[in-house]
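The primary structure of each chain is shown beneath.
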Amino acid sequence: MKCNTKLTAAVLTAVCLCSAISGCGENKSAVNPSVSNGSSSTSSPIGNSANTSANAATAPEETKPDEKKITLSDEIKNASFDSGLMQVNNTVFQLGGYITVAEFVEKYGNDFDITYSNGSYEERKDYLLEYESPKYSSYSLLMTPKNGDNKFIVNIANCISEEKITLDKAIVIDIENSVTGSAPKWAPKGFAAANANTSYQNKELGLESTNENYSLNDFADFLESQGLEQYVWDENASDFNKKHSLPECTLENCNKYVKVETVSIKDNYAFYVAGEPNLFGARPIYKYYISFDPNTDKVGGYITYEVETFIDE
């Protein structure tokens, strides 16, 4: 499969300045996110010791169960960059084409209502999917957590057969990066992955991330401790390329980071890493773009983490 390299300077500048990314494709209707952080409370009888027993008999205690709070997991904090893991709400998923829809539903169906084309999976599992490029699939599942967390969208594809296949045989590709799926997300190492904006995840909901654990001055050393090395541009490359873009997306250029500068933002880092071969024999390429807050020199602002493309070995 040929790798499609994205536009560089304009894209990076737009990514840094935008507060939302819009997804596309059929079956991706807008979802209104809603999270309620509940707390346990018990109502006790009011009165003196003489009438407490009588009141208790006629007014039984009412207890509101705690709602499950969204917390950053150790699994995602300890995940390697090439693992393909992403935490959404309280669940950790693997992106990149490693599980079929049938297996996915079996694994997560107890925790989510999973729908396709405005119907339940059971009603739609025999629906047919055309062959498409996994990166640009128009098919998706809507994930509605049964505990009340935010809804989000999972992209799926028929990338195994030029003939139509049924929904259950399709492969899970990634989590949609859009306002529609505005559930809190975390990338490996616990970075708050900004599908809409990090303020939604961190400030308004008060959710934990590891962003402030990483500073600009030692971030390159951290990346190198994770097995990455700095990409060295050819001496004939333009200054524009050196400042504004990742190199060509190839297996050879994976695990190499670049320090990116735009007109308005400096000192950002970007890199590709490759996952292991997946169900259709390709390696997913994960793209990271990590910016720093100029007021603190800590990781902040816009952090993107997504499946960039797939490369056949």
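As the structure is a prediction and not an experimental result, all values here were calculated from the model. (Residues numbered from 1 in each chain as written. Predicted model: local features only at pLDDT ≥ 70, side-chain atom pairs only at ≥ 80, totals over all residues. Heavy atoms only, no water.)

1. With respect to the nonpolar core
- Counting residues in each nonpolar core, the largest one holds 56 residues, and the members touching the most others are Phe104, Ile156, Phe191 and Phe219.
- With sequence-adjacent residues up to four places away left out, Ile156 is seen in contact with Val101, Tyr116, Leu129, Ser137, Tyr139, Ser140, Leu141, Leu167, Ala170, Ile171, Val172 and Ile173.
- If you look at the next biggest cluster of nonpolar residues, it comprises 12 residues, including Cys254, Val258, Val260 and Ala274. (Core = buried A, V, L, I, M, F, W, Y, C linked by side-chain atoms within 4.5 Å. Buried < 20%, exposed > 50% of the residue type's maximum accessible area, 1.4 Å probe, protein only. Contact = heavy atoms within 4.5 Å.)

2. Topic: the pairing of strand β14 (residues 282-293)
- Most of β14 sits inside the fold, with 11 of its 12 residues counted as buried.
- In the sheet, β14 pairs with strand β15 (residues 298-312) via 11 bridges, with the strands oriented antiparallel. Within the sheet, the bridge partner assigned to Tyr288 lies in β15 and is Tyr305.
- Counted between consecutive antiparallel strands, the loop separating β14 from β15 contains 4 residues, among which Asp297 sits at a positive phi close to 60 degrees. (Helix = DSSP H or I, 4+ residues; strand = E, 2+ residues; numbered from the N terminus. Pairing = 2+ DSSP bridges.)

3. Brief notes about the pattern of salt bridges
- Tallied over the entire structure, the rule returns 7 salt bridges.
- A salt bridge links Asp74 to Lys77; its shortest N-O distance comes to 3.5 Å. Here the residue Asp74 and the residue Lys77 both occupy positions in helix α3 (residues 74-77), the gap between them amounting to 3 residues, near one helical turn.
- The exposure class assigned to Asp74 is exposed, which follows from its relative accessible area of 51%.
- On the accessibility criterion, Lys77 (26% relative accessible area) is partly exposed.
- By sharing partners, the salt bridges in this structure join Asp74, Lys77 and Glu208 into a single network. (Salt bridge = Lys/Arg side-chain N within 4 Å of Asp/Glu carboxyl O.)

4. Focus on unusual backbone geometry
- In this model, Asn255 sits at a positive phi of 65 degrees, which is unusual for a non-glycine residue.
- Its location among the elements puts Asn255 in the loop between α8 (239-244) and β12 (256-260).
- Residue class for Asn255 comes out partly exposed when judged on its relative accessible area of 35%.
- One non-glycine residue with positive phi stands out, namely Asp297, at about 60 degrees.
- Among the secondary structure elements, Asp297 is positioned in the loop between β14 and β15.
- Judged by its relative accessible area of 33%, Asp297 falls in the partly exposed class.

5. Some thoughts on the confidence of the model for the chain
- Summarising the model, the chain shows a mean pLDDT of 79, and 73% of its residues fall at 70 or more.
- Low pLDDT, under 50, characterises residues 1-66; the predicted model gives this stretch 103 contacts beyond four residues in sequence or across chains.
- Low pLDDT (under 50) marks residues 195-202, which in the prediction has 36 contacts with non-local residues, meaning those over four places away or in another chain. (pLDDT = per-residue confidence, 0-100.)

6. Quick notes on the sheet that holds strand β6 (residues 139-145)
- The 5 strands are arranged β4-β3-β6-β7-β9 in an open sheet whose pairing can be described as antiparallel. Strands with a single pairing partner mark the edges of an open sheet, and in this sheet they are β4 (119-120) and β9 (171-175).
- One ladder, built from 4 bridges, connects strand β7 (residues 152-157) with β9; its direction is antiparallel. When the sheet's bridge partners are listed, Ile156 is paired in β9 with Val172.
- Together, β3 (112-116), β6, β7 and β9 form the strand contacts of helix α4 (residues 101-108), whose direction differs from that of β3 by roughly 155 degrees. (Axes fitted to C-alpha atoms, helices over the stretch in contact; angles between N-to-C directions.)

7. Considerations on a negative patch on the surface
- On the surface, Asp218, Asp221, Glu224 and Glu229 cluster together into a patch of negative charge.
- In terms of residue count, the dominant contributor to the negative patch is helix α7 (residues 216-225) (3 residues).
- Looking at where Asp218 falls in the secondary structure, it is placed in helix α7. (Patch = residues over 30% accessible without salt bridge, like charges linked within 9 Å, V, L, I, M, F, W, Y side chains within 5 Å. Areas by Shrake-Rupley, 256 points an atom, 1.4 Å probe, with all protein chains shown as cover. Lys, Arg positive; Asp, Glu negative; His and termini not counted. Charge placed at Lys NZ, Arg CZ, Asp CG, Glu CD.)

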